[in-house]
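One-letter residues, chain by chain:
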Amino acid sequence: MNFDFTRLFDGAYWAEIFSTNILSWRFLANILDILVVWFVVYKLIMLIRGTKAVQLLKGVAVFFILRMVAGIIGLNTVKWLMDQVITYGVIAVIIIFQPEVRRGLEHIGRSSFWTKTKKEISDEDQMVQAFDKAIQYMSKRKIGALVTIERNAGLDEYIETGIPLDADITGELLINIFIPNTPLHDGAVIIKNNKIAVSCAYLPLSESQLIPKEFGTRHRAAVGISEVSDALTFVVSEETGDVSITLNNTFIPHLTQDEYLKILHEELVGDVEDKEVRRKNILQQFIDGISKGGKK
């Protein structure tokens with residue numbers, strides 16, 4: 001049977017289709033009814049997943065199966081008992097599932113339909129906040145730290161030297177890693193794909209003679225990794241509590257909270273900027289750091 005495609009541009013053809021029972025309002029209402037039921041069932045399954053209610057539902061399913069089998073075989077007494085259990089079991093279900101029902105109603109009340117949706121914080125923003133929390137804690141207590149964030153150039157060669165963690169980035173975890181005399185405190189933490197990939201990693205030490213003698217092994221490792229990759233590294237000195245950052249073979253020491261947060265946001269969170277402008281910002285931070293270092 002050949003279909004005349006020119007009918008698709010005929011208004012009378014579409015009027016005929018919408019006037020039929022196939023696309024009548026009743027048909028559309030039935031489709032909507034089915035979709036709503038499936039949506040409610042899906043939400044209920046998601047709500048009770050991982051709770052004791054799953055086991056209870058299995059028990060309820062057994063009653064329904066017994067009712068169906070009894071009806072097919074002709075076990076009238078069993079069928080009558082199952083009918084009574086199912087009929088009056090609704091009240092029992094409400095009592096048994098009271099915690100889940102309450103949680104479900106609270107979930108509906110907390111939904112974004114009733115409240116304004118808050119702007120979500122990006123993973124990069126959360127990462128910078130975790131860094132700031134850890135830096136502030138360790139800087140005040142002069143706890144040494146070395147954290148390298150992988151960017152475009154892969155750091156797998158150095159990740160292999162560390163102890164695998166694959167953990168979410170939190171300030172508390174970073175602080176705990178660098179607490180002195182703990183198994184994970186020595187070496188560097190490497191961040192990859194917004195995760196703490198490893199701790200206790202070994203980074204290449206810089207041989208540059210331009211690094212002031214006041215800076216130790218952590219700072220030389222931070223400069224060393226900046227010489228062979230585009231990674232961003234921050235260091236907390238265990239002698240002074242000062243914060244330093246290395247990036248693109250540039251060493252920026254003696255940073256205040258506002259200064260290191262500005263660099264972290266520009267490099268890890270901010271939109272892609274013109275490279276020349278960003279380089280000037282880093283160089284200016286470097287000049288400020290050198291001038292501060294000369295005054296001390």
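These lines cover the structure that appears in this document, whether it is placed above or below.

Parameters and conventions
Residues numbered from 1 in each chain as written. Predicted model: local features only at pLDDT ≥ 70, side-chain atom pairs only at ≥ 80, totals over all residues. Heavy atoms only, no water. Salt bridge = Lys/Arg side-chain N within 4 Å of Asp/Glu carboxyl O. Helix = DSSP H or I, 4+ residues; strand = E, 2+ residues; numbered from the N terminus. Buried < 20%, exposed > 50% of the residue type's maximum accessible area, 1.4 Å probe, protein only. Arc of directions from axis to C-beta. Contact = heavy atoms within 4.5 Å. Axes fitted to C-alpha atoms, helices over the stretch in contact; angles between N-to-C directions. Parallel < 35°, antiparallel > 145°, perpendicular 65-115°, else oblique. Left-handed = near helix turned anticlockwise from the far one by under 90°. Nonpolar A, V, L, I, M, F, W, Y, C, P; charged D, E, K, R; others polar. Phe/Tyr/Trp six-rings, centres within 6.5 Å; stacked < 30°, edge-to-face > 60°. Lys NZ or Arg CZ within 6 Å of the ring centre and 35° of its normal.

1. Comments concerning the pattern of salt bridges
In step 1: Taken as a whole and assessed by the stated rule, the structure comprises 6 salt bridges.
In step 2: Among the ionic pairs, D83 bridges to R67, the shortest N-O distance being 2.4 Å. Of this pair, D83 sits in helix α4 (residues 76-96) while R67 sits in helix α3 (residues 53-73); the two residues are 16 residues apart in sequence, bridging distant segments of the chain.
In step 3: For D83, a relative accessible area of 25% translates into the label partly exposed.
In step 4: We note a salt bridge from D168 to K195, for which the minimum N-O separation is 2.5 Å. Placement of the pair is D168 in strand β2 (residues 163-168) and K195 in strand β4 (residues 195-201), with a sequence separation of 27 residues.
In step 5: Take K195: its relative accessible area is 30%, and that puts it in the partly exposed class.

2. Quick notes on helix α8 (residues 171-178)
In step 1: For α8, the full list of buried residues reads G171, L174, I175, I177 and F178. All buried residues of α8 fall inside an arc of 160° around its axis, so they share one side.
In step 2: Summarising the contacts, the buried residues of α8 are in contact with α6 (123-141), β1 (145-149), β2, β3 (188-192) and β4.

3. Description of the packing of α6 against helix α10 (residues 257-269)
In step 1: Contact pair α6 / α10: the axes reach a minimum separation of 10 Å and the direction vectors enclose 155°. When the axis of α6 is compared with that of α10, the two are roughly antiparallel. Between α6 and α10 the crossing geometry is right-handed. Contact residues: E124, D125, M127, V128, F131, D132, I135 and Q136 in α6; Q257, Y260, L261, L264, H265, L268 and V269 in α10.
In step 2: Of the residues belonging to the contact of α6 with α10, the class tally is 9 nonpolar, 3 polar and 3 charged.

4. Focus on the packing of aromatic side chains
In step 1: All chains considered together, the criterion is met by 2 aromatic pairs.
In step 2: Between the aromatic rings of F215 and F251, the centroid separation amounts to 4.9 Å while the plane-to-plane angle is 90°, which identifies the pairing as edge-to-face. With F215 in the loop between β4 and α9 (217-228) and F251 in strand β7 (residues 250-255), this residue pair connects regions lying 36 residues apart in the sequence. Residue F215 shares its accessibility class with F251, and that shared class is buried.
In step 3: Over the aromatic face of Y137 sits the side chain of R141, whose NZ or CZ is 3.7 Å from the ring centroid.

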